[in-house]
Amino acid sequence: QLQNKILILTICAAGIGGTFQYGYNISIINAPASYIQVFMNTTWLERMGVPLDSNMVLLLWSFTVSAYPLGGLTGAVVAGPMAIMLGRKMSLLLNNVFVIIAAALSGCSRMAKSFEMIMLSRFFTGVNAGVSMNIQPMYLAESAPKKLRGAVALTSASFTALGLVLGQVVGLRELLGGEESWPFLLASNVVPALIQLTALPWFPESPRYLLIDRGDKESCISALQKLRGTSDLSAELEEMLAEQAAVKGQRAKNPWELFQNPALRWQLVSIVVLSSAMQLCGNDSMYFYAAYVFQEAGIPEDKIPYVVIGTGSCELITSVTCNMIIDYAGRRPLLLGGYIFMAGWAIVFMVALSQQTQISWMPYLSMACIFAYILSFGIGPAGVTGVLPTEVFDQMSRPAAYMICGSLLWFNLFLVGTAFPFIVKSLAHFCYIPFLVVCVCTALYVWFFLPETKGKSFLEISEEFRKRNFKTKTRGGFYKGPEEIKTTTL
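Residues numbered from 1 in each chain as written. Predicted model: local features only at pLDDT ≥ 70, side-chain atom pairs only at ≥ 80, totals over all residues. Heavy atoms only, no water.

### Details of the domain arrangement of the protein chain
Line of reasoning, step 1. By the assigned domains, the protein chain splits into domain 1 (1-203) and domain 2 (257-471).
Line of reasoning, step 2. Distance between the C-alpha centres of domain 1 and domain 2: 21 Å.
Line of reasoning, step 3. In this complex, domain 1 contributes 41 residues to the contact, which on the side of domain 2 involves 44 residues.
Line of reasoning, step 4. Of the roughly 3,300 Å² buried between domain 1 and domain 2, counting both surfaces, carbon and sulfur atoms make up 68%. (Domains from an automatic or database assignment. Contact = heavy atoms within 4.5 Å. Buried area = accessible area lost by both parts, 1.4 Å probe.)

Have a look at this one:
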């Protein structure tokens, strides 16, 4: 049970201007795509006197779309230094500046007759998403009590899914998705930013950051009292002080230092595998297929946007469900189940696509596969992946770990977005084979190598990984001394 409403309100204040923006900005660009391409052509015609050919329009559009993951990659890289120097809460607040700049650029683009402003706007929106995707789960997991850490950090995925659905709803023609209103649709992301700027300053900074990074015990106790209410804080404070003692004399690490440290080998491999798999598993590509499959199933074209909202709602429902069960079921079963089910549905989906024109009821099976695939992704991989870097790394390595995680996430998003049309062209109905391989390999990795982190303190998790990292050395009795010392460095 959550004993204090302050924690719930902190989650909402961080989420609305945080990962909500990632989901929202991914989906709002889909509705006005054709209008923006027409705007690019007419703007060019007015400037140069000649229209753009269709390939050039497509190239400009792909630049506009890829500016978002490029901004996200930039945001992921700056998020680490921001989290260390400014703190978790202040970083989230300052991050809204990027969205305000982006909203001003896209809102004024038609008036200024500049499609370049839209590209720049998408880049800044990406920077905002890159920062929040890294810092929000870190801030929330560090602020949550141990028994609720998974559920609290996982709200980041729920806010992403909520943003996705609301973006789809606001992008409907009846609201802001029409030809006249698309600049307002692209600028509407300023609203969540203003809500966060108003609400978040009232809530405390991460207690762990205050104590371990800043050495400010009084502020840490004050933040804990706000977040936990009147409950006894001595056990939690003792655990934090033990963690502070374990990293005493260390400074925050850089990403390349994590690769050089043998004590962090398995933690690093785990987050690299899981962060890459999250984008390479083909979930986002299901949205690419959704409109085509729904059309084949006989849904009228003007009704398809409403059915697509159902796909986003699937992700929202499962991420909220996952929120409720993560601290009971554990991290491993949710990841394992998610990837195994996705592998199964990928096979069914490819069979259904290949028989789409031969068997009358196959489009309906394809449709069911799309929903089932997204549900399987939402129940485990979508949320648990973002929680793990907080749990498996110590306070000094955590920001660098999130930088690596975030960079992989955005790079792979860009990679899949660029490569998927070519995969479809070359493999046709069997385009999901690469994604099937990723799902199977990730499930095998989780089964054999990932330990459970449910209900354990950060030091206990570090100790478990330490045993794995030095397994070969600890067999010899002579290694006893350094083994003791290693515990204090994690």
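### Points about the nonpolar core
Line of reasoning, step 1. The biggest cluster of nonpolar side chains holds 69 residues, and the ones touching the most others in it are W410 and Y432.
Line of reasoning, step 2. When residues of this core are assigned to their parent elements, the largest contribution, ten residues, is made by helix α17 (residues 331-354).
Line of reasoning, step 3. With sequence-adjacent residues up to four places away left out, W410 is seen in contact with Y22, Y68, P69, G72, L73, A76, G126, A129, G130 and M133.
Line of reasoning, step 4. Listed in part, the 42 residues of the second largest apolar core include L93, I135, V152 and L200. (Core = buried A, V, L, I, M, F, W, Y, C linked by side-chain atoms within 4.5 Å. Buried < 20%, exposed > 50% of the residue type's maximum accessible area, 1.4 Å probe, protein only. Helix = DSSP H or I, 4+ residues; strand = E, 2+ residues; numbered from the N terminus.)

### Considerations on the packing of helix α1 (residues 5-16) against helix α6 (residues 116-143)
Helix-helix packing: each pair is described by the crossing angle between the helix axes and the interaxial distance.
Line of reasoning, step 1. Across the interface, α1 lies against α6 with an axial gap of 10 Å and an inter-helix angle of 175 degrees. Considering the angle they form, α1 stands roughly antiparallel to α6. Judged by residue contacts, L7, T10, I11, A14 and G15 of α1 engage Q136, Y139, L140 and S143 from α6.
Line of reasoning, step 2. A per-class count over the contact of α1 with α6 returns five nonpolar, four polar and no charged. (Axes fitted to C-alpha atoms, helices over the stretch in contact; angles between N-to-C directions. Parallel < 35°, antiparallel > 145°, perpendicular 65-115°, else oblique. Nonpolar A, V, L, I, M, F, W, Y, C, P; charged D, E, K, R; others polar.)

### Some points on unusual backbone geometry
Line of reasoning, step 1. Despite not being glycine, K113 has its phi angle at roughly 55 degrees, a positive value.
Line of reasoning, step 2. Looking at the secondary structure, you find K113 in the loop between α5 (88-112) and α6.
Line of reasoning, step 3. With relative accessibility at 46%, the residue K113 sits in the partly exposed group.

### Topic: the side chain of S366
Line of reasoning, step 1. The residue S366 is located in helix α18 (residues 362-379) in this model.
Line of reasoning, step 2. Residue classification places S366 among the buried residues on the basis of a relative accessible area of 0%.
Line of reasoning, step 3. In contact with S366, not counting residues within four places along its chain, are V293, F349, A352, L353 and Q356.

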